[in-house]
Amino acid sequence: MIRHIEKAARSLAPAGGAGSLLNSESWKNLPWKKFRKDLFRLQKRVWKAVRAGDRQKARSLQKLILRSQAARFLAIRQVTQLNVGKKTAGIDGKLALTFKERFELEEKLRLKANNWKHKGLREIPIPKKDGTKRILKVPTISDRAWQAIAKYALEPAHEATFHARSYGFRPGRSAHCAQKHLFDNLCSRVNGISKRIIELDIKKCFDRINHSSIMENLIAPPGLKLGIFRCLKAGTNVGFPDQGTPQGGVCSPLLANIAGRLFGRKSIVV
């Protein structure tokens with residue numbers, strides 16, 4: 001396997017590169033800009049296929065994302081370098097990966113992405129303002145990398161189905177977008193004084209999401225669906241085996257939005 005990794009690193013390294021192939025330079029010199037372009041091109045095709053109603057084509061394109069080298073490297077980079085919680089260990093105790101281990105993880109994802117098996121989750125109690133504690137369930141770095149790839153495949157498919165005024169946990173959207181929409185519809189020039197705002201709070205949202213509802217409405221090929229199902233079951237509570245998503249998971253906010261859409265065809269999860 002190491003020989004295959006070194007061969008892949010050699011093919012991606014710039015001409016004239018010297019020294020060990022699995023070091024920091026070989027990682028930094030990977031064509032990250034090309035990876036982002038390649039992944040975005042596939043994601044755009046998935047989005048267009050779902051908008052056109054061709055879900056079979058969308059699933060075929062999602063398989064391409066799962067097999068994409070660009071998606072694998074970008075996912076590993078996301079969970080080891082860019083994410084805020086990148087230094088949080090899972091049950092295996094690993095806080096970070098060496099550059100060699102990152103290349104080895106890319107090879108592991110290449111071989112097992114379609115039949116990924118999740119390890120257990122590390123539980124971290126987080127104190128809340130009311131004195132209670134919520135349990136943050138953290139996957140291992142390897143599981144987080146797989147979930148990042150799964151999110152790359154799932155997000156464009158479901159973005160095509162979400163409500164136009166849904167702002168929570170969505171790419172390119174934030175609370176500022178919601179504030180602007182509220183201002184534009186409540187100011188005096190549109191007779192805002194006669195309008196009302198309804199505020200709703202979904203109690204224990206991540207802890208009570210129904211697994212069956214998510215799986216039935218998930219736009220994904222069978223291998224990806226199986227991986228998501230295993231991801232959900234890895235983070236269940238003892239008393240509620242068919243509910244909940246791990247709050248420390250990479251794709252949990254997306255799964256919450258998919259479940260939130262089921263509250264009503266025009267429901268908004270913020």
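Bear in mind that the values here come from a model prediction, so they are computed numbers and not experimental data. (Residues numbered from 1 in each chain as written. Predicted model: local features only at pLDDT ≥ 70, side-chain atom pairs only at ≥ 80, totals over all residues. Heavy atoms only, no water.)

Caption draft 1: Geometry of the packing of helix α5 (residues 69-82) against helix α7 (residues 141-159). For the pair α5 and α7, interaxial distance at closest approach is 8 Å and the crossing angle is 125°. In terms of their interaxial angle, α5 and α7 are classed as oblique. Crossing geometry of α5 relative to α7 is assigned as right-handed. Listed contacts from α7 to A71, R72, L74, A75, I76, Q78, V79 and T80 of α5 are I141, R144, A145, A148, I149 and Y152. Broken down by class, the residue content of the contact of α5 with α7 amounts to ten nonpolar, two polar and two charged. (Axes fitted to C-alpha atoms, helices over the stretch in contact; angles between N-to-C directions. Helix = DSSP H or I, 4+ residues; strand = E, 2+ residues; numbered from the N terminus. Parallel < 35°, antiparallel > 145°, perpendicular 65-115°, else oblique. Left-handed = near helix turned anticlockwise from the far one by under 90°. Contact = heavy atoms within 4.5 Å. Nonpolar A, V, L, I, M, F, W, Y, C, P; charged D, E, K, R; others polar.)

Caption draft 2: Quick look at the pairing of strand β2 (residues 133-138). Bridge analysis of strand β1 (residues 122-127) against β2 gives six bridges, and the strand direction is antiparallel. Bridge pairing in β2 places P125 opposite I135. Following β1, the chain reverses through five residues before pairing antiparallel with β2; G131 in that reversal takes a positive phi of roughly 95°. (Pairing = 2+ DSSP bridges.)

Caption draft 3: The arrangement of the pattern of salt bridges in detail. The tally for this structure, following the rule as stated, stands at seven salt bridges. With a shortest N-O distance of 3.1 Å, E101 and K94 are connected by a salt bridge. E159 is paired through a salt bridge with R170; the nearest N and O atoms lie 2.7 Å apart. Here E159, found in helix α7, pairs with R170, found in the loop between α7 and α8 (175-186); they are eleven residues apart in sequence, far enough to count as distant. The exposure classification of E159 matches that of R170, with both residues buried. Where salt bridges share partners, they join K34, D38 and R41 into one cluster. (Salt bridge = Lys/Arg side-chain N within 4 Å of Asp/Glu carboxyl O. Buried < 20%, exposed > 50% of the residue type's maximum accessible area, 1.4 Å probe, protein only.)

Shape is all these values report; function is a separate question.
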